[in-house]
Amino acid sequence: MYKYVIKRILLLIPVLLGVVFIVFFIMNLTPGDPGRLILGESAKQEDVDRLNDRLGFNKPYFVRFFNYIKDIVTKFDFGLSYATQKPVVDQILIKFPYTLKMAIASVFLSTIFGVTLGVTAAVKQYTAIDSSITVLAMVFTVMPAYWTGMLMILLFSIKLGWLPASGASSLKHYILPVLTIAITAMGSMMRLTRSVMLEAIRQDYVRTARAKGAPERRVVYGHALKNALLPLITSVGSMFGGMMGGAVLSETVFNIPGIGSYIVSSIRSKDIPAVMTCTLFFATLFSLIMLCVDLLYAFVDPRIKAKYVNS
Amino acid sequence: MNEKKKTSVPAKGKKQNKAKEIWRRFKKNKTAVAGLIVVIFFILVAVFAELIVPYEVALKQTKALREPPSSAHWFGTDRLGRDVFARIVHGTKVSLLIGLIGTAISTVIGLIIGAISGYYGGRLDEIIMRLMDMIMSIPSMLLSLAVVAALGANMQNLLIALVVGQIPHTARANRALVMSVSGQEFVKAAKSYGAGDARIIFKYLVPNVIGPIIVQASMQISSTILSAAALSFLGMGIQPPQPEWGYMLSEAREFMRTSPYLIMFPGVTILLLSLAFNLAGDGLQDAFNPQLKD
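Residues numbered from 1 in each chain as written. Chains lettered and ligands numbered in written order. Predicted model: local features only at pLDDT ≥ 70, side-chain atom pairs only at ≥ 80, totals over all residues. Heavy atoms only, no water.

Can you lay out the overall build of chain A for me, pointing to particular residues and giving the numbers?
Within chain A, the regular secondary structure consists of 14 helices and zero strands. Along its sequence from the N terminus, chain A presents helices and strands in the succession α-α-α-α-α-α-α-α-α-α-α-α-α-α. Dimensions of chain A along its principal axes, counting C-alpha atoms only, are 85 × 60 × 30 Å. Here chain A, with 311 residues, has 50% of them falling under the buried criterion. Within chain A, contacts between residues separated by at least 24 positions form 72% of all contacts whose residues are at least 6 apart in sequence. (Helix = DSSP H or I, 4+ residues; strand = E, 2+ residues; numbered from the N terminus. Buried < 20%, exposed > 50% of the residue type's maximum accessible area, 1.4 Å probe, protein only. Contact = heavy atoms within 4.5 Å.)

Put into structure tokens, the structure is as follows:
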């Protein structure tokens, strides 16, 4: 098992190198040069040239790519932000807690409500409850997150005055943004839970559990849901990825100083090191989460564990 | 009609029957039909946009700033005094075009990559799939943002950004589909009489998986529309003054307190269109695979 975990972690390295290469390639398409972007329009051309030279911008593409990787690996140096001339990593460490708190809270919320509603719909298939949950799930999936956020501000901040509409200075400030992300993620969770549960409740072991007189709650949650968990775990994992995208929108709507709004402002000001590092950061995080999901399988499903141990 | 049927080649007749069968099953699904009707309605709005309300009205700035809905301006006016109804009507064209073209391009490219990967297998498959894994580990919203940031914000680059974000997903799904049929007898038969690889892929494999691919594509349209609107909302998509729903919402943000209707109309329109595409796509999927339907 440990061998497998180590192997998987080592396999992450080429994937992340590939991600760096892709992002580096895309960012390289940006017109303009760092010297001009840092010093501004009014700077003298010779100053710009000198700065470009110092930053190694005039070297060939692969040399720059290699140096970029070298700085990351040897010095954990992801470059200086064009805008602030401070290390980008420091900025990310300041901003990440906001995004992380929101992501965890909304994954938690959307999983609990998504699974419960999905299970209810499956158990009550073909009833009015089932169809209303299905329609609700569909609406949640297609509601644009930023619009949901604005509607909530309209209702809870402007009309009712219960909750603040922007900022992140207290716990209260997080309620609306977290709800916004959770609602967007909940729809697909509801639909997936419903479809896997529909299959699970028709299995023989569920009939057996009913036959031996187990209470309905236990049959549904203990026997059926437990066996339908595997696809749900994957979906929670990939939900994190979607949430990073959702964070960009939600943080913009609610003016939360997290990584999402940092990316948007960096893109606007063409702060390339910041955009690159944030993207890499999210990609690494997402890969690690998906790795955890794979490993979690082993704990949920003994058959998969047996496969890992043998390989 | 009957005569035509008789004269057509047997294989073609079979296909027509299958299409009829699918349509028959689709028709029974009321929500799916409702979705399709709404989609057709939006397509008609896009096609006849100029007749409904001229494009100039959508751009014309008047002195009537942020006026609530009235008989003169059905959906009110925005911060520059432009008619919101006209902007929504002309925004339909943009959203539909991006949704349909973006999905079509990513489906075709994804199909080619997936088919090559699934058919050849082995090392090539391994390399292509690892590359797709790399792209997929960047959240697609961020990838699209990065592409637009690098290339600049306009409609063409927005399409490129959306397609780049979607290709890994379509390639992966199509590879699985191609693999599921590539071991079958008719492929072996084609190989045995010496058909070339390209011929096998495009003549035998692709036509046999085209059904599920269309279903997938129909489900993808709404997410393409939503992503495009989201990027425009962030100012990374369609650029003003061209009317676009997502951007209209971002303009309306400042005036939520005084003019809430400004966020209602574009929002409801995005919701309706993507919901309709989703319902129709779901119905199509059920009609294609009746056995999957619970």
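What follows picks up the thread again.
Which residues make up the overall build of chain B, and what values do they have?
Helix and strand counts for chain B stand at 13 helices and zero strands. Reading chain B from its N end, one meets helices and strands in the order α-α-α-α-α-α-α-α-α-α-α-α-α. Along the first, second and third principal axes, the C-alpha atoms of chain B reach 75 × 50 × 35 Å. Going through the 294 residues of chain B one by one, you find that 49% of them count as buried. Partitioning the contacts of chain B with sequence separation of at least 6, the portion at a separation of at least 24 is 70%.

Describe a nonpolar patch on the surface, and please don't skip the residues or the numbers.
Residues and elements named next belong to chain B. On the surface, a cluster of nonpolar side chains totalling about 650 Å² of accessible area is made up of Ile40, Ile43, Leu44, Val47, Phe48, Leu51 and Ile52. Every element with two or more residues in the nonpolar patch is listed here: helix 3 (30-47) and helix 4 (49-52). Looking at the nonpolar patch, the element that brings in the most residues is helix 3, giving four residues. Among the secondary structure elements, Leu51 is positioned in helix 4. (Patch = residues over 30% accessible without salt bridge, like charges linked within 9 Å, V, L, I, M, F, W, Y side chains within 5 Å. Areas by Shrake-Rupley, 256 points an atom, 1.4 Å probe, with all protein chains shown as cover. Salt bridge = Lys/Arg side-chain N within 4 Å of Asp/Glu carboxyl O.)

Break down the interface of chain A and chain B for me, citing the residues and quoting the values.
Taken together, the contact between chain A and chain B spans 47 residues of the former and 41 residues of the latter. The contact between chain A and chain B buries some 3800 Å² in all, and 79% of this surface belongs to carbon and sulfur atoms. For the pair chain A and chain B, the interface holds one salt bridge. Put simply, Arg191 of chain A and Asp282 of chain B hold a salt bridge, and the shortest N to O gap is 2.9 Å. Our count for the contact surface shared by chain A and chain B stands at five residue pairs in polar contact (both at pLDDT 80 or more). With eight residues, the single largest contributor to the side of chain A that touches chain B is helix 1 (residues 2-28) of chain A. Residue composition of the side of chain A that touches chain B, by class: 33 nonpolar, 10 polar and four charged. (Buried area = accessible area lost by both parts, 1.4 Å probe. Polar contact = N/O pair within 3.5 Å; in protein donor to acceptor, adjacent residues only side chain to side chain. Nonpolar A, V, L, I, M, F, W, Y, C, P; charged D, E, K, R; others polar.)

Which residues make up empty space enclosed by the protein, and what values do they have?
Residue and element names in this part refer to chain B. Going through the model one piece at a time under the given rule, you end up with two cavities of 30 Å³ or more. In this structure, the largest cavity occupies an estimated 80 Å³ of space. What lines the largest cavity is simply Asp78, Arg79, Val84, Arg87, Met248, Glu251, Ala252, Phe255, Leu262 and Pro266. Listed by contribution, the elements that provide at least two residues to the lining of the largest cavity are helix 6 (84-120), helix 12 (245-252) and helix 13 (261-288). (1 Å grid on protein atoms, 1.4 Å probe; cavity = no way out; pocket = protein on both sides within 12 Å on 5 of 7 lines; lining within 4 Å. Points joined across faces, edges and corners; volume = space filled by probe spheres on them.)

I'd like a description of the pattern of salt bridges, backed by residues and values.
Residue and element names in this part refer to chain A. Tallied over the entire structure, the rule returns 13 salt bridges over all chains. Here Arg207 ties to Asp204 by a salt bridge, and the two come within 3.5 Å at their closest N and O atoms. Highlighted residues: Arg207 and Asp204, both in helix 9 (residues 204-211), separated by three residues, approximately one helical turn. Take Asp204: its relative accessible area is 52%, and that puts it in the exposed class.

Before we move on, could you go through the side chain of Thr107 of chain B and cite the residues and values that matter?
All names here are of chain B. Along the chain, the position of Thr107 falls in helix 6. Here Thr107 falls in the buried class, since its relative accessible area comes to 11%. Looking at Thr107, its side chain comes within polar contact range of the main-chain oxygen of Thr103, at 2.6 Å. Not counting residues up to four positions away in its chain, the partners in contact with Thr107 are Asn174, Ile213, Ala217 and Gln220.

Outline the layout of surface pockets, listing residues and values.
Residues and elements named next belong to chain A. Volume-wise, the second largest pocket comes out at about 900 Å³. Along the walls of the second largest pocket sit 31 residues, with Leu55, Tyr68, Gly79, Tyr82 and Pro273 positioned nearest its centre. Looking at side-chain class alone, the lining of the second largest pocket contains 16 nonpolar, seven polar and eight charged residues.

Give me the nonpolar core: which residues, what numbers.
Tyr146 and Met197 of chain A together with Leu145 and Leu234 of chain B are the most contacted members of the largest nonpolar core, which has 138 residues in total. Sorting elements by how many residues they give to this core places helix 8 (residues 171-200) of chain A first, with 13 residues. Excluding residues within four positions of it along the chain, Tyr146 of chain A makes contact with Leu249 and Val253 of chain A together with Leu226, Ala229, Ala230, Phe233, Gly246, Leu249 and Ile270 of chain B. Counting residues in each nonpolar core, the second largest holds 16 residues, with Ala115, Ala190, Tyr204 and Val209 of chain B among its members. (Core = buried A, V, L, I, M, F, W, Y, C linked by side-chain atoms within 4.5 Å.)

Requested: an account of the confidence of the model for chain B, with residues and values cited.
Residue and element names in this part refer to chain B. In the predicted model, chain B carries a mean pLDDT of 84, and the fraction of residues at 70 or more is 93%. In this model, residues 1-10 is a region of pLDDT below 50 whose contacts with residues beyond four sequence positions or in other chains number three contacts. The complex model carries a pTM of 0.86, and its ipTM stands at 0.84. (pLDDT = per-residue confidence, 0-100.)

Go over the environment of Thr234 of chain A with me, naming the residues and quoting the values.
Residue and element names in this part refer to chain A. Within the fold, Thr234 resides in helix 11 (residues 229-254). On the basis of relative accessibility, which here comes to 27%, the residue Thr234 falls in the partly exposed class. Each residue touching Thr234, except ones within four places of it in the same chain, is listed here: Met290, Val293 and Tyr297.

I'd like a rundown of the environment of Asn17 of chain B, residues and numbers included.
All names here are of chain B. Tracing the sequence through the fold places Asn17 in helix 2 (residues 10-28). For Asn17, a relative accessible area of 44% puts it in the partly exposed group. As for Asn17 and Lys63, which are separated by 46 residues in sequence, their C-alpha atoms are 59 Å apart.

Explain the side chain of Glu251 of chain A to me, using residue names and the numbers behind them.
All names here are of chain A. Along the chain, Glu251 falls in helix 11. Within the buried set, Glu251 has no salt-bridge partner at all; the shortest N-O distance to an opposite charge, 8.2 Å, is to Lys95. Of note is the side chain of Glu251, whose polar atom sits 2.6 Å from the backbone nitrogen of Gly260. With residues near it in sequence (within four places) discarded, Glu251 still touches Thr99, Met102, Ile256, Gly258, Ile259, Gly260 and Ser261. (Lys, Arg positive; Asp, Glu negative; His and termini not counted.)

I'd love a proper account of the packing of helix 6 of chain B against helix 13 of chain B, names of residues and values included.
Residues and elements named next belong to chain B. Two elements in contact, helix 6 and helix 13, have axes whose closest approach is 11 Å; the angle formed by their N-to-C orientations is 30°. The chirality of how helix 6 crosses helix 13 is right-handed. Residues Val84, Ile88, Leu96 and Leu100 of helix 6 form the contact with helix 13, whose own contacting residues are Leu262, Phe265, Pro266, Thr269, Leu273 and Phe277. Looking at the contact of helix 6 with helix 13 residue by residue, the class counts come to nine nonpolar, one polar and no charged. (Axes fitted to C-alpha atoms, helices over the stretch in contact; angles between N-to-C directions. Left-handed = near helix turned anticlockwise from the far one by under 90°.)

Before we move on, could you go through the packing of aromatic side chains and cite the residues and values that matter?
All names here are of chain A. Enumeration according to the criterion identifies 18 aromatic pairs over all chains in this entry. Relative to Tyr68, the ring of Phe24 has its centre 5.5 Å away and its plane inclined at 40°; by these criteria the two rings are tilted. Of this pair, Phe24 sits in helix 1 while Tyr68 sits in helix 4 (residues 61-75), and the two are 44 residues apart along the sequence. Overall, the relative accessible area of 9% leaves Phe24 in the buried class. (Phe/Tyr/Trp six-rings, centres within 6.5 Å; stacked < 30°, edge-to-face > 60°.)

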